[in-house]
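Chain residues, written in single-letter form:
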Amino acid sequence: MPNLWMPGATRHAIGNTGAMHGGPARAVWHITSNAKDWTYKNELGWFTGDGREVAPHLLWDPFTGEIAQFFPADSRSLSLQNADTIKTNRTGKYCIQVETVFTANETVNGQRYATVRDTPCKNLDQIMAWLRSLGIPDTWPGGAPTAFARDTVSLSTWLGEAGHFGHNQVPGNSHVDPGPMPNLAAIGKTQTTKPSTGQPKYEPFPGASFFRTGHRSPVIAAMHKRLVAEGCGRYQSDAHADTWGSGDERSYAAWQRKLGYAGADADGRPGPTSWAKLHVPNS
Ligand SMILES: [Zn+2]
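Here the structure is a predicted model, which means the values were calculated and not measured. (Residues numbered from 1 in each chain as written. Predicted model: local features only at pLDDT ≥ 70, side-chain atom pairs only at ≥ 80, totals over all residues. Heavy atoms only, no water.)

A. Local environment of the overall build of the chain. Scanning the chain from N- to C-terminus turns up six helices and eight strands. Starting at the N terminus and walking to the C terminus, you meet the elements of the chain as β-β-α-β-β-β-β-β-α-α-β-α-α-α. Taking the principal axes of its C-alpha atoms as reference, the chain extends roughly 80 × 40 × 35 Å. Relative to its full complement of 283 residues, the chain shows a buried share of 47%. Long-range contacts, defined as pairs at least 24 residues apart, comprise 67% of the intrachain contacts of the chain with a sequence gap of at least 6. Computed over 27 positive and 24 negative side-chain charges, the separation of the two mean positions in the chain equals 4 Å. (Helix = DSSP H or I, 4+ residues; strand = E, 2+ residues; numbered from the N terminus. Buried < 20%, exposed > 50% of the residue type's maximum accessible area, 1.4 Å probe, protein only. Contact = heavy atoms within 4.5 Å. Lys, Arg positive; Asp, Glu negative; His and termini not counted. Charge placed at Lys NZ, Arg CZ, Asp CG, Glu CD.)

The following block contains the structure:
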């Protein structure tokens with residue numbers, strides 16, 4: 001028996017539960033899209049107060065990771081319009097609706113965020129783990145939302161297929177949220193990486209003092225090769241490729257300019273960021 005209340009969510013049961021109609025389990029994604037850019041706290045007050053007639057299951061702040069839950073999973077929630085006689089809030093065994101505290105192009109801490117996909121999506125892994133525990137597959141039967149526009153699925157898709165839907169895809173509804181979303185299938189899944197050989201693939205930054213005139217090392221020879229491969233070679237010859245000198249400085253400066261650095265940031269002296277991007281193989 002799955003947990004009907006999401007572990008990690010703050011429980012704000014508002015009563016007024018209603019039975020589901022059964023069928024494939026699904027989740028429906030929304031954004032609160034508030035002209036006043038309401039915060040999680042404002043939205044929590046709304047959905048437990050005057051807005052309780054349109055409350056979702058979950059309220060999620062993708063910046064702070066705060067999550068509130070208003071209905072148990074086996075109850076309908078209230079954020080959808082009906083499609084004529086079809087009570088869309090009740091479609092499926094579960095129809096978990098998530099209101100993301102987000103408005104397109106909103107500014108948070110001085111940074112502008114165009115879509116939910118651009119936010120930190122904090123604790124989305126916890127939400128996905130819970131939805132998976134309810135048997136909701138990671139797929140989007142109507143395709144993942146790509147724009148703030150209607151993309152209504154057929155009634156047979158809505159009634160017959162399990163997975164994730166945007167509010168913009170639900171029949172009988174007019175809203176265009178949630179807009180582009182992150183790749184849900186990748187959330188909370190550990191990256192498959194090749195077994196480690198115990199040695200990092202690339203040479204770690206050896207420190208600024210490593211790059212002094214006359215210093216000799218196979219690391220400098222490996223760097224020399226990489227700079228040439230990147231089209232940044234400004235060497236007069238490949239002799240003494242393992243010894244730091246003025247040709248290295250000219251070539252490294254070309255690499256820094258290639259990365260977009262200018263002025264004192266393109267002085268030919270390696271720093272940890274430009275070094276990491278150069279991918280100097282372990283020598
Ligand atoms: Zn919505």
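B. Main features of the nonpolar core. Judged by nonpolar contacts, the single largest core of 32 residues is most densely connected at Trp29, Trp60, Ile96, Leu124, Ile127 and Leu131. Mapped by element, the contributors of at least two residues to this core are β2 (26-31), β3 (58-60), β5 (95-100) and α2 (124-133). Looking at this core element by element, the count peaks at five residues for α2. The next biggest cluster of nonpolar side chains, apart from the first, holds 16 residues, and it includes Val219, Cys232, Trp244 and Val280. (Core = buried A, V, L, I, M, F, W, Y, C linked by side-chain atoms within 4.5 Å.)

C. Quick peek at helix α5 (residues 246-258). Helix length check: α5 (13 residues) gives 18 Å between terminal C-alpha atoms against 18 Å at 1.5 Å per residue, within 8%. For α5, the set of buried residues is Gly247, Asp248, Ser251, Tyr252, Ala253, Ala254, Trp255 and Gln256. Residues of α5 that are buried in the fold lie against α4 (218-229) and α6 (272-278). Count one or two residues on from α5 and you reach Gly260, which has phi positive near 100°. (Expected span 1.5 Å × (residues − 1).)

D. The arrangement of the pairing of β5 in detail. With six of its six residues buried, β5 lies for the most part within the structure. Burial along β5 is two-sided: Cys95, Gln97 and Glu99 and Ile96, Val98 and Thr100, pointing in opposite directions, are all buried. Pairing geometry for β2 and β5, over six bridges, is parallel. The residue of β5 that forms the bridge with Ala27 is Ile96. Relative to β5, β3 runs parallel, the two sharing three bridges. From the neighbouring strand, Trp60 faces β5, where its bridge partner is Thr100. (Pairing = 2+ DSSP bridges.)

E. Here's a closer look at the environment of Ala55. Mapped onto the elements, Ala55 comes out in the loop between α1 (40-47) and β3. On the basis of relative accessibility, which here comes to 0%, the residue Ala55 falls in the buried class. Remark: the alpha-carbon pair of Ala55 and Gln97, spanning 42 residues in sequence, is separated by 8.8 Å. Setting aside residues up to four positions removed in sequence, Ala55 forms contacts with Ile14, Phe47, Phe70, Phe71, Ser77, Leu78 and Ser79.

F. Geometry of the sheet that holds β3. Here we have six strands laid out as an open sheet, ordered β1-β4-β3-β5-β2-β8, and mixed in their pairing. At either margin of the open sheet sits one strand with a lone partner, and together these are β1 (10-11) and β8 (163-166). In the packing of α1 onto the sheet, the strands contacted are β3, β4 (67-69) and β5, and the crossing angle to β3 comes to about 165°. Contacts between α2 and the sheet are confined to β2, β3, β4, β5 and β8, with β2 contributing the most and set at about 150° to the helix. (Axes fitted to C-alpha atoms, helices over the stretch in contact; angles between N-to-C directions.)

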